[in-house]
Amino acid sequence: WFGGGGDSAAAAAGDKPTTKAGLSRVGAVVELGDRLNGHTGLVHGGYSASLIDDLLGWAAGAEREAQLLPRGTRVFTANLNVNYRRPMPHEAVYYVEAEAERLEKGKKLFMKAAIYDARGALIADAPSLYILVKPPPPAVEEVRRADAPAAGAALAVDAEPAPAAGRLGASR
């Protein structure tokens, strides 16, 4: 691993490993028509990148669950590098696969994806990095909600009890 040490150094020191193997892989068969073309007869590269990113997002969601990360953990694309290996003809069927390679420090999810044609030839592949953002602990979120005024409500400046109608700013 980069920088040396890695998990073997952490294990030798008795620390918890910071890198976990990926557990998830997803695949999809897609049939593309002629309305996604860039050049005549060829699917636009931006569409193939979007297709890869979308499937990587599904795989990242599956990985979030497989790694037992907290409910509400959000997944964001940090880097997507598409390598276009050959043109992608329109009106054809393709197989797209995406898989999690590893999870580092509970927040960096390294993934990869590929598009293959019906004969199994590689059309495009894409290493990527997704960032996982865990939700704040419930107690912190509850305190934030309790301290925050309701949307559009005026803040009371004095210590008098709220009006009987329960509305701020009501006449007394």
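Just above sits the structure.
Notes on the structure follow. Predicted model, so just to flag it, every value in this text is computed and none were measured.

### Here's the deal with unusual backbone geometry
Phi angles above zero are rare outside glycine, and Leu 68 is one such case at about 55°. Summarising the element assignment, Leu 68 is placed in the loop between helix H2 (45-66) and strand E3 (74-80). We classify Leu 68 as exposed; its relative accessible area is 75%. Of note in this structure, Lys 105 is not a glycine but carries a positive phi near 55°. Relative to the assigned elements, Lys 105 resides in the loop between strand E5 (92-104) and strand E6 (108-117).

### Observations regarding the pairing of E6
When you tally the buried positions in E6, you get seven out of 10 residues, the bulk of the element. By the bridge criterion, 10 bridges tie E5 to E6 in an arrangement that is antiparallel. Paired with Glu 97 across the two strands is Ala 114, which belongs to E6. Hairpin geometry of E5 and E6 is characterised by an intervening segment of three residues between the two adjacent antiparallel strands and by a positive phi of about 55° at Lys 105. Here nine bridges tie E6 to strand E7 (residues 122-133), and the two strands are oriented antiparallel to one another. Looking across to E7, one finds that Lys 108 is bridged to Ile 131. Turn length for the E6-E7 hairpin, with the two strands adjacent in sequence and antiparallel, is four residues, and the turn residue Gly 120 shows positive phi of about 90°.

Criteria and thresholds
Residues numbered from 1 in each chain as written. Predicted model: local features only at pLDDT ≥ 70, side-chain atom pairs only at ≥ 80, totals over all residues. Heavy atoms only, no water. Helix = DSSP H or I, 4+ residues; strand = E, 2+ residues; numbered from the N terminus. Buried < 20%, exposed > 50% of the residue type's maximum accessible area, 1.4 Å probe, protein only. Pairing = 2+ DSSP bridges.

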